Amino acid sequence: MVRPLYSREKNLLGLLKIGRDITERKQMEEELKEARENLERLVENRTAKLQESVQQMEQFTYSLVHDLRAPLRSMCSFAQLIQTEYAEKVDGKGKEYLARIERSAERMDALIRDVLSYSRTGQITPKLEKVDIESVLAQLVGEDRAFQEPAATIVWEKPMLPVEGHVALLTQVIRNLLSNAVKFAPKGKVPKVQIWTEPKGSEVRIWCEDNGIGIEAQYLGKIFGMFERLHSEFEYPGTGIGLAIVRKAVERMGGTMGVESEVSKGSRFWIQLKASSREPSNERRPELWKSTV
Ligand code: ADP
């Protein structure tokens, strides 16, 4: 730093140069920078290793669960064979037990299918593109009678705001929400489902509202977890994985989700994704997932 030096009479006497040795501070800054870079590298390495272990674990679970299907199928087929080929030799009680074996095997098969679907959702690294929700809905309703009159009334607002998503993941999400919306209806009441979009800043919220049985407030935070069910298999069949798949798929697309509900009045599920202003891609539409694998 250079400063002018004056006499009492305000005459300029000269210039005063003040210098400070900052070598030590510079050295400390360098050391700090190096330590920070080392820490970042360490965190990156650890995260990569953790991701690799999670992936290996998921692959292991996938093949384990997949391999369970073969023995299960053979148990089911042999129970059916006894029922048909030894019908006269098996009494009423025996037939009832065989039917139970079959029902349990079917339930286990449904669980395996859903766990595989959940695991596959986690393995997808989605390339996001503009998705037209109306065409996803038209396709889903067109291919399932449970979504058509007279079984149910499903209506949606036109036009709907497009979102940045992954067609197969979003189709799976909307299918699961629709399936629940028509399933959790009081006996004898025709399910009515309405879907619409709402702009939320740079994002779009997709609402799916039903007139079903509703959910008690205390369970609203739980139902997106794995195997969380509020009813017996007898009342409403299911595996408790549908909404866990919704959560995982929405998170993979960088979105959020939630639910509002009132018992006996209905539920309103929502998912929120980035709004899209892009032109739809010309790439071939990915095959929609079948419900069986
Ligand atoms: P599943 O449908 O196989 O039971 P889900 O994970 O899809 O499993 O849903 C978890 C639970 O959340 C359901 O068992 C049900 O109790 C509740 N639920 C989900 N959707 C609805 C809905 N639209 N109306 C009422 N309850 C619902």
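Look up a bit, the structure's there.
Residues numbered from 1 in each chain as written. Predicted model: local features only at pLDDT ≥ 70, side-chain atom pairs only at ≥ 80, totals over all residues. Heavy atoms only, no water.

Caption draft 1: Quick peek at empty space enclosed by the protein. For the structure on display, the rule yields 1 cavity of 30 Å³ or more. Breaking the lining of the largest cavity down by element, the ones donating at least two residues are α4 (167-183), β7 (203-210) and β9 (266-274). Of the residues belonging to the lining of the largest cavity, the class tally is 11 nonpolar, no polar and no charged. (1 Å grid on protein atoms, 1.4 Å probe; cavity = no way out; pocket = protein on both sides within 12 Å on 5 of 7 lines; lining within 4 Å. Points joined across faces, edges and corners; volume = space filled by probe spheres on them. Helix = DSSP H or I, 4+ residues; strand = E, 2+ residues; numbered from the N terminus. Nonpolar A, V, L, I, M, F, W, Y, C, P; charged D, E, K, R; others polar.)

Caption draft 2: Quick look at the packing of helix α3 (residues 133-143) against α4. Taken N-terminus to C-terminus, the directions of α3 and α4 make an angle of 55 degrees; their axes are 10 Å apart at the nearest point. Accordingly, the angle class assigned to the pair α3 and α4 is oblique. α3 and α4 meet at a crossing whose hand is right-handed. Residue-level contacts link I133, V136, L137, L140 and E143 of α3 to T171, I174, R175 and L178 of α4. Each residue belonging to the contact of α3 with α4 can be placed in one class, and the counts come to 6 nonpolar, 1 polar and 2 charged. (Axes fitted to C-alpha atoms, helices over the stretch in contact; angles between N-to-C directions. Parallel < 35°, antiparallel > 145°, perpendicular 65-115°, else oblique. Left-handed = near helix turned anticlockwise from the far one by under 90°. Contact = heavy atoms within 4.5 Å.)

Caption draft 3: A look at the site of the ligand. Of all residues adjacent to the ligand, which total 21 residues, the nearest are N180, D210, R229, T239 and L243. At 3.4 Å from an oxygen atom of the ligand is found a main-chain nitrogen or oxygen belonging to L230. Interatomic distance of 2.9 Å between a backbone N/O atom of L243 and an oxygen atom of the ligand. Coverage of the ligand by the protein chains reaches 98% of its 530 Å² of free accessible surface. (Near = heavy atom within 4 Å. Polar contact = N/O pair within 3.5 Å; in protein donor to acceptor, adjacent residues only side chain to side chain. Areas by Shrake-Rupley, 256 points an atom, 1.4 Å probe, with all protein chains shown as cover.)

Caption draft 4: Just the pairing of strand β2 (residues 12-17), in detail. With 0 of its 6 residues buried, β2 lies for the most part at the surface. Linking two consecutive strands that pair antiparallel, namely strand β1 (residues 2-6) and β2, is a turn of 5 residues; a positive phi of about 70 degrees is found at K10 within it. (Buried < 20%, exposed > 50% of the residue type's maximum accessible area, 1.4 Å probe, protein only. Pairing = 2+ DSSP bridges.)

Caption draft 5: The arrangement of the packing of aromatic side chains in detail. Evaluation of the coordinates by the stated rule reveals 3 aromatic pairs. Taken together, a centroid distance of 5.1 Å and an interplanar angle of 50 degrees make the contact between F184 and Y236 tilted. Separated by 52 residues along the polypeptide, F184 in the loop between α4 and β6 (192-200) and Y236 in the loop between β7 and α5 (242-252) bring together distant segments of the chain. For Y236, a relative accessible area of 7% gives the class buried. Taking NZ or CZ as reference, R205 lies 3.6 Å from the ring centre of W270, over its face. (Phe/Tyr/Trp six-rings, centres within 6.5 Å; stacked < 30°, edge-to-face > 60°. Lys NZ or Arg CZ within 6 Å of the ring centre and 35° of its normal.)

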